[in-house]
Amino acid sequence: MDHGFYVTLRSRLSCRIVFCDKSKPDIKILALNEIVIDRGDSGSMVALDCFCDGIQFTNMHADGIIVCTATGSTAYSMSAGGPMVHPSTPSFVFTPICPHTLSCRPLVFPDTVTLKIQVPLNTRYTKARVMMDGKGGYVIGKGDHVTIEASMYPVPSVCQVDENADWFTAVKGSLHWNLIFYTDSIVFLAGFA
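Remember, predicted model here, so these are calculated numbers, not experimental data.

**Q** Could you give me a rundown of the sheet that holds strand β8 (residues 91-97), with the residues and numbers involved?
**A** Whenever strands of a sheet pair, they do so through backbone hydrogen bonds, lying parallel or antiparallel. With antiparallel pairing, six strands are arranged side by side in an open sheet as β9-β8-β7-β4-β11-β12. Among the strands making up the open sheet, the edge pair consists of β9 (107-110) and β12 (135-141). Direction aside, the axes of adjacent strands within the sheet are offset by 20° on average. As paired strands, strand β11 (residues 127-132) and β12 are joined by six bridges and run antiparallel to one another. Note that in β12 the partner of M131 across the bridge is G136.

**Q** Explain the layout of surface pockets to me, and be specific about the residues and the numbers.
**A** Quantified by volume, the largest pocket comes out at close to 170 Å³. Lining the largest pocket are R10, A70, T71, T74, D166, W167, A170, V171, S174 and L175. The element contributing the most residues to the lining of the largest pocket is helix α2 (residues 163-175), with six residues. Grouping the constituent residues of the lining of the largest pocket by class yields five nonpolar, three polar and two charged.

**Q** Tell me about the pairing of strand β13 (residues 145-150), and name the residues and values.
**A** Both faces of the sheet carry side chains from a regular strand, because those side chains alternate between them. The pairing of strand β2 (residues 13-18) with β13 spans six bridges and is antiparallel. Bridge pairing links S14 to E149 in β13. Pairing between strand β10 (residues 115-118) and β13: four bridges, direction antiparallel. The residue bridging L115 from the neighbouring strand is I148, located in β13.

**Q** Outline the side chain of T71, listing residues and values.
**A** With respect to the helices and strands, T71 occurs in the loop between β7 (64-68) and α1 (76-79). On the basis of relative accessibility, which here comes to 17%, the residue T71 falls in the buried class. Not counting the four nearest positions on each side in its chain, T71 is found in contact with R10, L32 and N33.

**Q** An account of a nonpolar patch on the surface is needed here, citing residue identities and associated values.
**A** Taken together, the side chains of F5, V7, L9 and V158 make up a nonpolar region of the molecular surface, amounting to roughly 420 Å² of accessible area. Residue placement: L9 occurs in strand β1 (residues 7-10). Here L9 falls in the exposed class, since its relative accessible area comes to 53%.

**Q** Tell me what's going on with the pattern of salt bridges, and back it up with residues and numbers.
**A** On inspection of all chains with the given rule, the structure shows four salt bridges. A salt bridge links D38 to R129; the nearest nitrogen and oxygen atoms lie 2.8 Å apart. Of this pair, D38 sits in strand β4 (residues 34-38) while R129 sits in strand β11, placing them 91 residues apart in sequence. Since its relative accessible area comes to 10%, D38 is described here as buried. Its relative accessible area of 27% is what places R129 among the partly exposed residues. A salt bridge links D41 to K127; its shortest N-O distance comes to 3.8 Å. Placement of the pair is D41 in the loop between β4 and β5 (46-52) and K127 in strand β11, with a sequence separation of 86 residues. The exposed category is assigned to D41, whose relative accessible area is 69%. Taking relative accessible area as the criterion, K127 reaches 38% and is therefore assigned partly exposed.

The rules behind the values
Residues numbered from 1 in each chain as written. Predicted model: local features only at pLDDT ≥ 70, side-chain atom pairs only at ≥ 80, totals over all residues. Heavy atoms only, no water. Pairing = 2+ DSSP bridges. Helix = DSSP H or I, 4+ residues; strand = E, 2+ residues; numbered from the N terminus. Axes fitted to C-alpha atoms, helices over the stretch in contact; angles between N-to-C directions. 1 Å grid on protein atoms, 1.4 Å probe; cavity = no way out; pocket = protein on both sides within 12 Å on 5 of 7 lines; lining within 4 Å. Points joined across faces, edges and corners; volume = space filled by probe spheres on them. Nonpolar A, V, L, I, M, F, W, Y, C, P; charged D, E, K, R; others polar. Buried < 20%, exposed > 50% of the residue type's maximum accessible area, 1.4 Å probe, protein only. Contact = heavy atoms within 4.5 Å. Patch = residues over 30% accessible without salt bridge, like charges linked within 9 Å, V, L, I, M, F, W, Y side chains within 5 Å. Areas by Shrake-Rupley, 256 points an atom, 1.4 Å probe, with all protein chains shown as cover. Salt bridge = Lys/Arg side-chain N within 4 Å of Asp/Glu carboxyl O.

Quick look at the structure:
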């Protein structure tokens, strides 16, 4: 290549699972797309206390929570109603999964914060499941918590054109975002049929 190439740095999430039972070691994992804390195989919802830099901002009753990077914002989080985020935006998206209250909406946090999500000690829902990029399936119980922050080690990715062109091409091509389709005499706006 005579003229070089563009590289984009994709942020990752650093996740640590901390158990109340100190005989269990902490689990540390990196995720490129998302961390999901959900009800697992339980038929009932899960209760989760959510903190940002030590400040509790909600006690959520839901099927779960998705915390994703900008890269992961166009995957599971978007399916659950979260926003699409440009990959160069230094942020996390916090997306509730089927929350018990309609006022519980997705949030966007700067990637400089530390999020902590804990199963309350006084909940009747006894456990939750933690997954990273669709893998893992670690079970946490009352008093256990998960901390999530930006990893110091982003993933370098080579671009075909540049970061903007590649991202818009991907969301238009893969997600058919904001494209108009004509079929017979009916017009569909992708995503708004």
